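# Structural description and commentary
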Amino acid sequence: MITQVHFILTYMCTLECEHCFVCSSPSSEGTFTPGQIAAALDQTDKLGTVDTVYFEGGEPFLFYPILLDAVRQARNRGYKVGIVTNGYFATSEENARFFLAPLNELGIEDMSISDDVFHYENQKENPARRASAAATALGMPTAILALDPGASGPEIMGNPREEKTGVVTEGGIMFRGRAAEKLSPNAVTSDSQQFTKCPYEDLKTPSRMHVDSFGNLQICQGISIGNIWKHPLDELIRTYSPSSHPICGPLIEGGPAQLARVLGYTPPAGVADACHLCYLARKSCRSRYPEILGPAQVYCDGGT
Ligand code: SF4
């Protein structure tokens with residue numbers, strides 16, 4: 001049952017992080033309009049199972065009036081709202097309060113702020129920390145999103161701070177999108193045959209979906225189950241057949257290793273993790289499944 005819809009409010013970002021699991025950058029296109037948010041929320045209303053919506057990116061605060069309006073629309077419809085940001089706007093705590101207070105008045109359930117060595121190197125004072133301090137002072141539920149270079153998956157940590165080194169080991173990085181392109185050459189690799197499970201997403205009975213302004217309804221970044229501007233969300237969810245989906249079916253059956261086999265993709269001798277293999281196999285046959293394997297903003301192959 002889908003209980004969360006994550007709006008990729010924009011693919012554009014202030015930064016171009018190496019660990020980004022899409023390919024956001026200052027020139028990335030694909031930003032929702034208020035009208036599109038309303039139309040998408042009409043669809044989530046109709047689905048009737050969603051209680052929480054997230055606005056994320058890219059960097060959603062880049063389009064602050066649209067973000068504010070989107071949160072207002074969602075709150076007026078009774079949804080709990082979360083936002084994910086890198087906090088770039090917090091050039092001072094006063095400015096951070098200016099950005100955050102109007103959102104706080106609307107009621108934010110989760111303000112997640114990315115603060116780690118990939119976003120802000122090793123600065124003790126950085127915008128994410130200022131945004132976090134301001135959000136906490138306003139009484140907003142706040143979480144720091146950080147990658148722990150020593151963890152085996154993405155971590156939420158209170159106070160991460162590690163030196164960035166040239167060698168990326170198995171940290172909390174998921175090697176898809178730009179992380180696959182930029183960081184995998186330095187990663188410790190393993191035999192691709194061992195990746196027989198998708199470690200992060202419940203592809204059979206998903207509880208959350210991501211949607212972008214192009215209408216792509218993504219079960220994981222870059223894997224669509226349909227387009228909400230062509231078919232309504234409730235219809236896409238109702239008719240989603242995990243086992244017959246050309247990408248999700250093999251992933252459910254035998255993970256990225258099976259996906260690579262089914263797609264006829266020959267992986268390199270070693271891959272960084274399950275997502276790396278999944279990403280490489282999918283990227284190799286994007287032209288075969290243009291409706292499913294997109295947009296370019298997720299595959300770092302020429303989309304802006
Ligand atoms: S293995 Fe593939 S589907 Fe699963 S989380 Fe990684 S990229 Fe997504």
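Further up the page is the structure itself.
Notes on the structure in this doc start here. (Residues numbered from 1 in each chain as written. Predicted model: local features only at pLDDT ≥ 70, side-chain atom pairs only at ≥ 80, totals over all residues.)

## Remarks on the overall build of the protein chain
A count of helices and strands for the protein chain gives 10 helices and 11 strands. For the protein chain, the residues scored as buried account for 46% of the 304 residues in total. By sequence separation, contacts in the protein chain at least 24 residues apart represent 67% of the contacts at least 6 residues apart. (Helix = DSSP H or I, 4+ residues; strand = E, 2+ residues; numbered from the N terminus. Buried ≥ 20, exposed ≤ 12 C-beta atoms within 10 Å, placed from the backbone. Contact = placed C-beta atoms within 7 Å.)

## Some thoughts on the site of the ligand
Taken together, Arg-176, Cys-198, Tyr-200, Glu-201, Cys-220, Ile-223, Leu-251, Pro-256, Ala-274, Cys-275, Cys-278 and Tyr-279 form the complete shell of residues around the ligand. Elements that contribute at least two residues to the shell around the ligand include exactly helix 8 (248–263) and helix 9 (274–284). (Near = placed C-beta within 6 Å.)

## Digging into helix 8
The end-to-end C-alpha separation of helix 8 is 12 Å, well short of the 22 Å expected for 16 residues at 1.5 Å each. Gly-254 marks where helix 8 bends most, by close to 130°; the proline Pro-256 follows one to four residues later. Buried residues along helix 8 sit against strand 9 (216–220), strand 10 (223–227) and helix 9. Gly-264 lies just past helix 8 and shows a positive phi near 70°. (Expected span 1.5 Å × (residues − 1). Bend = angle between axes of the 7 residues up to and from the residue.)

## A word on the nonpolar core
Phe-7, Phe-175 and Leu-277 are the most contacted members of the largest nonpolar core, which has 86 residues in total. With seven residues, the single largest contributor to this core is helix 9. Among residues more than four places away in sequence, those in contact with Phe-175 are Ala-180, Leu-183, Ser-184, Ala-187, Ala-272, Asp-273, Cys-275, His-276 and Tyr-279. (Core = buried A, V, L, I, M, F, W, Y, C linked by C-beta atoms within 7 Å.)

## Focus on the environment of Ala-90
Tracing the backbone through its elements, the reader meets Ala-90 in the loop between strand 3 (80–85) and helix 3 (93–106). Between the alpha carbons of Ala-90 and Arg-130 there is a distance of 5.8 Å; along the sequence they are 40 residues apart.

## A look at unusual backbone geometry
Residues Gly-57 and Gly-58 are joined by a peptide bond in cis, for which omega reads 15°. With respect to the secondary-structure elements, Gly-58 resides in the loop between strand 2 (52–56) and helix 2 (64–76). Each neighbour pair has its own omega, and for Gly-294 with Pro-295 the value is 0°, a cis peptide bond. Note that Pro-295 resides in the loop between helix 9 and helix 10 (296–299).

## So, the packing of helix 3 against helix 5 (residues 127–137)
Relative to each other, helix 3 and helix 5 sit at 60°, their axes nearing to 9 Å. Here helix 3 is positioned oblique relative to helix 5, judged by the angle of their axes. For helix 3 against helix 5, the interelement crossing comes out right-handed. Together, Glu-93, Ala-96, Arg-97 and Leu-100 of helix 3 and Arg-130, Ala-131, Ala-133, Ala-134 and Ala-135 of helix 5 make up the contact between the two elements. (Axes fitted to C-alpha atoms, helices over the stretch in contact; angles between N-to-C directions. Parallel < 35°, antiparallel > 145°, perpendicular 65-115°, else oblique. Left-handed = near helix turned anticlockwise from the far one by under 90°.)

## Focus: the environment of Ala-272
Counting through the fold element by element, Ala-272 comes out in the loop between strand 11 (270–271) and helix 9. Once the C-alpha coordinates of Ala-272 and Met-174 are considered, the two residues, 98 residues apart in sequence, prove to be 8.8 Å apart. Ignoring sequence-local partners within four residues, the contact set of Ala-272 consists of Phe-175, Ser-184, Ala-187 and Thr-189.

## Side note on helix 9
Burial analysis of helix 9 places nine of its 11 residues in the buried class, the great majority of the element. Taken together, the buried positions of helix 9 are occupied by Ala-274, Cys-275, His-276, Leu-277, Cys-278, Tyr-279, Leu-280, Ala-281 and Arg-282. Where helix 9 is buried, its residues contact helix 6 (178–183), helix 8 and strand 11.

## A few points about the packing of helix 8 against helix 9
The contact between helix 8 and helix 9 brings their axes to 9 Å, and the two run at 45°. With respect to their mutual orientation, helix 8 and helix 9 come out oblique. Here the hand of the crossing between helix 8 and helix 9 comes out left-handed. Packed against helix 8, whose contacting residues are Leu-251, Gly-255, Pro-256, Ala-257, Leu-259, Ala-260 and Leu-263, the element helix 9 presents Ala-274, Leu-277, Cys-278, Ala-281 and Ser-284 at the interface. In terms of residue class, the contact of helix 8 with helix 9 is built from 10 nonpolar, two polar and no charged. (Nonpolar A, V, L, I, M, F, W, Y, C, P; charged D, E, K, R; others polar.)

## Concerning the environment of Ala-137
Mapped onto the secondary structure, Ala-137 falls in helix 5. Judged by C-beta crowding, with 13 C-beta atoms within 10 Å, Ala-137 ranks as partly exposed. Here the alpha-carbon distance between Ala-137 and Arg-97, two residues 40 residues apart in the chain, equals 8.8 Å.

## Things to note about the pairing of strand 10
Where a strand is regular, its side chains alternate between the two sheet faces. Taking burial as the measure, the five residues of strand 10 include four buried ones, the bulk of the element. Between the end of strand 9 and the start of strand 10, which pair antiparallel, lie two residues, with Gly-222 showing a positive phi angle near 90°. (Pairing = 2+ DSSP bridges.)

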